[in-house]
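A look at the structure
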Amino acid sequence: MSRAPQLLACFLLPIAPLFTPDICKTEPQMHTQQMYTSNPEHQLLCITYSISSEFDSFVFIISTSIFSDLDETAVATPIPWNRWGPSNSRVFEQDCNGKIHLSGNRVLQVLPAGESDYSSLYYIFRMMDFSPLAEV
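Below is a short write-up of the structure. (Residues numbered from 1 in each chain as written. Predicted model: local features only at pLDDT ≥ 70, side-chain atom pairs only at ≥ 80, totals over all residues. Heavy atoms only, no water.)

Observations concerning the nonpolar core
- Grouped together as the largest cluster of nonpolar side chains are 11 residues: Ala 9, Leu 45, Ile 47, Tyr 49, Phe 60, Ile 62, Ile 66, Ala 74, Ile 79, Trp 81 and Trp 84.
- Elements represented by at least two residues in this core include exactly strand 4 (44-49), strand 5 (57-63) and helix 2 (81-88).
- The element best represented in this core is strand 4, accounting for 3 residues.
- Setting aside anything within four residues of it in sequence, one finds Ile 62 in contact with Gln 43, Leu 44, Leu 45, Ile 47, Trp 84, Asn 88 and Ser 89.
- By size, the runner-up hydrophobic cluster in this structure holds 8 residues, among which are Val 59, Ile 100, Val 107 and Met 128. (Core = buried A, V, L, I, M, F, W, Y, C linked by side-chain atoms within 4.5 Å. Buried < 20%, exposed > 50% of the residue type's maximum accessible area, 1.4 Å probe, protein only. Helix = DSSP H or I, 4+ residues; strand = E, 2+ residues; numbered from the N terminus. Contact = heavy atoms within 4.5 Å.)

Shown next, in the form of structure tokens:
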């Protein structure tokens, strides 16, 4: 049996959620030829939450690199957003009908865009690369 989890750190977000956040994480991806395992220090977490039922959700894409250099004081004192957030995360507004998908260091955001002649609804796909090796 595994041991009980230990609290390693507490990170504060810039706004408090109204609902319980949805959290997902990148996982190793299986390719036809070989197994791809991303570096654990450069994976992504995705936290999606709303501040009100009347507004769209916010999506926080957070690099797991923030967890690699924790010291003992991180457990005792919550780390404020301005010390960890801007340099390790990106925040997007998410339409309530949109979706977010993570794969490796990439994020796919699917947003409804309106109606077309061929379909009652069409979508915009946004691909974002958060790899530390990505070129600007």
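Next comes the rest of the account.
Overview of the packing of aromatic side chains
- Counted according to the given criterion, the structure contains 4 aromatic pairs.
- Ring geometry for Tyr 49 versus Phe 60: centroids 5.5 Å apart, planes at 5°, classification stacked. Of the two residues, Tyr 49 is situated in strand 4 and Phe 60 in strand 5; the sequence distance between them amounts to 11 residues.
- Exposure remark for Phe 60: the relative accessible area of 1% places this residue in the buried category.
- Judged by centre distance (5.6 Å) and plane angle (90°), the ring pair of Phe 60 and Trp 81 falls under edge-to-face. Of this pair, Phe 60 sits in strand 5 while Trp 81 sits in helix 2, and the two are 21 residues apart along the sequence.
- An aromatic cluster is defined as three or more aromatic residues linked by ring pairs; in this entry it consists of Phe 11, Tyr 49, Phe 60, Trp 81 and Trp 84. (Phe/Tyr/Trp six-rings, centres within 6.5 Å; stacked < 30°, edge-to-face > 60°.)

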